[in-house]
Amino acid sequence: MDILTVLPANFGFAIFTYLYSWIMLGYLAVKVGAARKNYNVKYPTMYSDKDQVFNCIQRAHQNTLEVYSQWLVFQTIAALVYPLSASVLGAIWVTSRFSYAWGYYTGDPAMRMNGAYGYIGYFGVIFLSISVALQLLGVF
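Here the structure is a predicted model, which means the values were calculated and not measured.

Okay, the overall build of the chain next. The number of helices and strands found in the chain is five helices and zero strands. In sequence order, the chain lays out its α and β elements as α-α-α-α-α. In the chain, 68% of the contacts between residues at least 6 apart in sequence involve partners at least 24 apart. When the accessible surface of the chain is summed, it comes to about 8100 Å², and 69% of that surface belongs to carbon and sulfur atoms. Looking at the chain, you have 8 positive and 5 negative side-chain charges, and the mean spots of the two groups are 7 Å apart.

Written out as structure tokens, the structure reads:
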């Protein structure tokens, strides 16, 4: 069985969304690494007891990692049936993580809410995943 015949035609967009998320995670990780150097926070210390800005940079990355695995699951389920819609929603979520991080990087945790629009993408792929599950169960 050829995987290209099994996946929907537009699934390539979902793959590009995954690649975009990989770039985003790499960017956030690099920012934490640079902040470790700037604020002299040595491994394995997760947070600084002196520098709030470092903690905000670290939290932007950590919070993204806390939801990333769930997003991947829902993104994949949604993209198997709704590849284009899931890709757009996924791109919204990934882009919002940049906005979230840039807001957090100011040192004011309230500014992280600049990325709140990402819930459109996150809950969107969850909704599409529920739709896929209901279709598989024959509910509609």
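What follows deals with the packing of aromatic side chains. Each aromatic ring pair is summarised here by two numbers: the centre-to-centre distance and the angle between the ring planes. Counted by the stated rule, this structure contains 13 aromatic pairs. Residues Tyr18 and Trp71 carry aromatic rings whose centres are separated by 6.4 Å and whose planes lie at 75° to one another, so their mutual orientation is edge-to-face. One end of the pair, Tyr18, is in helix 2 (residues 11-39); the other, Trp71, is in helix 3 (residues 52-81), with 53 residues separating them in the sequence. Taken individually, Tyr18 and Trp71 each receive the classification buried, so the pair is uniform in this respect. Connected via pairs of aromatic rings, a cluster forms that spans Tyr18, Tyr68, Trp71, Trp93, Tyr119, Tyr122 and Phe123. Positioned above the aromatic ring of Tyr100, the side-chain terminus of Arg97 is 4.1 Å from the ring centre. Geometry around Tyr104 places Arg112 over its ring, the cationic atom sitting 5.8 Å from the centre.

Looking now at the UniProt feature "transmembrane region" (unreviewed entry) in the chain. Following the UniProt record, the feature "transmembrane region" (unreviewed entry) maps to residues 6-30, 71-96 and 116-137 here. What you have in residues 6-30 is 84% helix and 0% strand, and the ends, taken at the C-alpha atoms, are 36 Å apart. Between the first and last C-alpha atoms of residues 116-137 the distance is 33 Å; the span itself is 86% helix and 0% strand.

Conventions and cut-offs
- Residues numbered from 1 in each chain as written.
- Predicted model: local features only at pLDDT ≥ 70, side-chain atom pairs only at ≥ 80, totals over all residues.
- Heavy atoms only, no water.
- Helix = DSSP H or I, 4+ residues; strand = E, 2+ residues; numbered from the N terminus.
- Contact = heavy atoms within 4.5 Å.
- Areas by Shrake-Rupley, 256 points an atom, 1.4 Å probe, with all protein chains shown as cover.
- Lys, Arg positive; Asp, Glu negative; His and termini not counted.
- Charge placed at Lys NZ, Arg CZ, Asp CG, Glu CD.
- Phe/Tyr/Trp six-rings, centres within 6.5 Å; stacked < 30°, edge-to-face > 60°.
- Buried < 20%, exposed > 50% of the residue type's maximum accessible area, 1.4 Å probe, protein only.
- Lys NZ or Arg CZ within 6 Å of the ring centre and 35° of its normal.
- UniProt positions renumbered as here; feature names shortened; annotations may be inferred.

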